[in-house]
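Tertiary structure, described
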Amino acid sequence: MELRQLQYALQIAAEKNFSRAAEKLHIAQPSLSQQLSKLEKELGVLLFQRNTNSVELTHAGSAFMEKAQRILDMVGQLEREMEDISDMKKGRLNVGSLPITGSHVLPRVLPLFHSRFPGIEIHLIEDTTNVLENLTAAGRTDISLLTLPVMDINLSWEPLLDEEILLAVPPSHPLARSTAEGDSAATSIRQLRDEAFIVLKRGQGFRQIALELCRTNGFEPRIVFESSNIETVQSLVAAGMGIAFVPSMIALGHGTSFRPAYLQLKERPYRTLVAAYRKSRYISKAAEAFMIVMREVMNKGNEAGISLPPAADKGQGD
């Protein structure tokens, strides 16, 4: 039994399709099928039930995948420990990130990290909150940048920054006009119960933050549009289709002329960005260095209501 055969079997299980698995593994499908048949023959059991358009795990396959994932994870952790011994002259760091964070934070973090540790290869995975939590719990990422709350009980997390949440409204909205005319009274979330909201699609962490802000203030938001892209959300707001909550880093980085007005909310809500990793998992020096660089960049870039929690908060979520 070879480690690559374990990797092949796990990829097939994840994709439930030989063609997609072969594409992800960058090998020919006949070679993948041959390696799986060889593995099943060696084990003396069928791992998959082949159907016309997909494959399903057998009972033996389910038991095999659980152990195979543990074995590969242990091998990966051993490799990372050995890389640490080489004083970070080489290595690989798998970083998961939410799309919002990836597009606005990582461009400031990754160049600095690379300049300090040029031998560390960064493999970036951008996906929704649910997917990233699953990947992190399975050991497929060393560290993932998520926002609270972290729902998977298998994950620990450390806070990186607190970021204020603003309200985006059309430039012609009465709230925008009153602010422009010098009315300094901050808008309360309770005032928004009759407004039309534009939110991110299901599975994205900031969607849940936005919904909870409304529910905590006594109402269920009337959602008129959903998008998987925060820039699209802002453009729809600017076009007068509704209002939306947005992280302050997004408001700061929205560079088009077709943009909404951004208002501070009376409640001053915020989201907390955290570095999440699997409980009891070995945290490599590269992962620790990445978090240090992240904190450093955020301290220097404290320009949009972004502030770091004190270092004493480290270790929450265990």
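Residues numbered from 1 in each chain as written. Predicted model: local features only at pLDDT ≥ 70, side-chain atom pairs only at ≥ 80, totals over all residues. Heavy atoms only, no water.

1. A closer look at unusual backbone geometry
For the record, the criterion: The helix and strand labels rest on DSSP assignments: H or I over at least four residues marks a helix, E over at least two residues marks a strand, and numbering proceeds from the N terminus. Note on exposure labels: buried denotes an accessible area under 20% of the residue type's maximum, exposed denotes more than 50%, and partly exposed covers the range between, all computed with a 1.4 Å probe on protein chains only.
Look at the link from L148 to P149: it is a cis peptide, with omega at 5°. A positive phi angle, near 60°, is found at H26, a position not held by glycine. Mapped onto the elements, H26 comes out in the loop between helix 2 (18–25) and helix 3 (29–43). Accessibility expressed as a relative area gives 73% for H26, which makes it exposed. Even without being glycine, R268 reaches a positive phi, approximately 50°. On the basis of relative accessibility, which here comes to 45%, the residue R268 falls in the partly exposed class.

2. Here we look at the pairing of strand 8 (residues 222–227)
The line we're drawing: At least two DSSP bridges between two strands are needed for those strands to be called paired. Throughout, right-handed denotes a crossover for which the path from the first strand over the helix to the second runs clockwise when the strands point away from the viewer.
Bridge analysis of strand 7 (residues 196–200) against strand 8 gives 5 bridges, and the strand direction is parallel. Bridge assignment links I198 to a residue of strand 8, and that residue is F225. Read from strand 7 through helix 9 (residues 205–216) to strand 8, the crossover connection turns out right-handed.

3. Comments concerning the confidence of the model for the chain
Just so we agree on the cut-off: For every residue, the predictor assigns a confidence score, pLDDT, that lies between 0 and 100. Working rule for contacts: check all heavy atoms of both residues, and any pair within 4.5 Å makes them a contact.
Looking at the chain, pLDDT values average 84 and 89% of them are 70 or higher. Ranking the helices and strands of the chain by mean pLDDT puts strand 7 first, with 95, and strand 12 (residues 306–307) last, with 42. Across residues 303–318, confidence stays below pLDDT 50; counting only partners more than four residues off in sequence or on other chains, it has 40 contacts.

4. Thoughts on the pattern of salt bridges
Close approach of charged atoms lets side chains of opposite charge pair. For clarity, the cut-off: Here, a salt bridge means any side-chain nitrogen of Lys or Arg that lies within 4 Å of a carboxyl oxygen of Asp or Glu.
For the structure shown, the criterion picks out 13 salt bridges. Residues E163 and R271 are paired through a salt bridge, measuring 2.7 Å at the closest nitrogen-oxygen approach. In this pair, E163 is assigned in strand 6 (residues 155–169) and R271 in strand 11 (residues 270–278), connecting sequence segments 108 residues apart. R271 shares its class with E163; the two are buried. A salt bridge links R215 to E212; the nearest nitrogen and oxygen atoms lie 3.6 Å apart. Here E212 and R215 lie together in helix 9, a separation of 3 residues that amounts to about one turn.

5. Overview of helix 10 (residues 230–238)
Defined as follows: Regarding the arc, it is the one traced by the directions from the helix axis to the C-beta atoms. Throughout this description, a polar contact denotes any pair of N or O atoms lying within 3.5 Å of each other; where both atoms belong to protein, one of them has to be capable of donating a hydrogen while the other can accept it, and for residues adjacent in sequence the pair is counted only when both atoms sit in side chains.
For helix 10, the set of buried residues is I230, V233, Q234, V237 and A238. Viewed along the axis of helix 10, the buried residues span an arc of 135°, placing them on a single side of the element. N-cap assignment for helix 10: the residue whose side-chain oxygen lies 2.7 Å from the backbone N of E231 is N229. Note on helix 10: the residue one or two positions beyond its end, G240, has a positive phi of about 90°.

6. Quick word on the side chain of Q5
On the secondary structure map, Q5 appears in helix 1 (residues 3–15). For Q5, a relative accessible area of 2% translates into the label buried. If sequence neighbours within four positions are ignored, Q5 has contacts with Q35, K38, L39 and E42.

7. Quick look at the nonpolar core
The cut-off we apply is this: In this text, buried Ala, Val, Leu, Ile, Met, Phe, Trp, Tyr and Cys residues form a nonpolar core when linked through side-chain atoms within 4.5 Å.
In terms of nonpolar packing, the biggest core is built from 58 residues, with L167, L192, F245, F290 and M294 touching the most fellow members. A total of 9 residues in this core trace back to one element, the largest contributor, which is helix 12 (residues 285–300). For L192, the contacting residues outside a window of four places in its chain are L167, L175, T187, F197, F219, I243, F245 and L265. By size, the runner-up hydrophobic cluster in this structure holds 19 residues, among which are Y8, L10, A22 and M65.

8. Regarding the packing of aromatic side chains
For the record, the criterion: In this scheme Phe, Tyr and Trp rings, the latter by its six-membered ring, pair at centre separations within 6.5 Å, and the angle between planes marks the pair as stacked below 30 degrees, edge-to-face above 60, and tilted otherwise.
Applying the stated criterion across every chain yields a total of 4 aromatic pairs. Measuring from ring centre to ring centre gives 6.3 Å for F197 and F219, while their planes differ by 35°; the resulting arrangement is tilted. On the criterion of sequence distance, the pair formed by F197 in strand 7 and F219 in the loop between helix 9 and strand 8 is long-range, its members being 22 residues apart. The class of F219 is buried, set by a relative accessible area of 6%. What links up through ring pairs into an aromatic cluster is the set F113, F117 and F290.

9. As for the environment of S156
By the secondary structure assignment, S156 is in strand 6. Overall, the relative accessible area of 4% leaves S156 in the buried class. Spatially, the C-alpha atom of S156 lies 8.5 Å from that of A275, the residues being 119 residues apart in sequence.

10. Things to note about the environment of E288
With respect to the helices, strands and loops of the structure, E288 is situated in helix 12. Overall, E288 belongs to the partly exposed group, its relative accessible area being 41%. Measuring from C-alpha to C-alpha, the distance between E288 and A275 comes to 10.0 Å, with 13 residues separating the pair along the chain.

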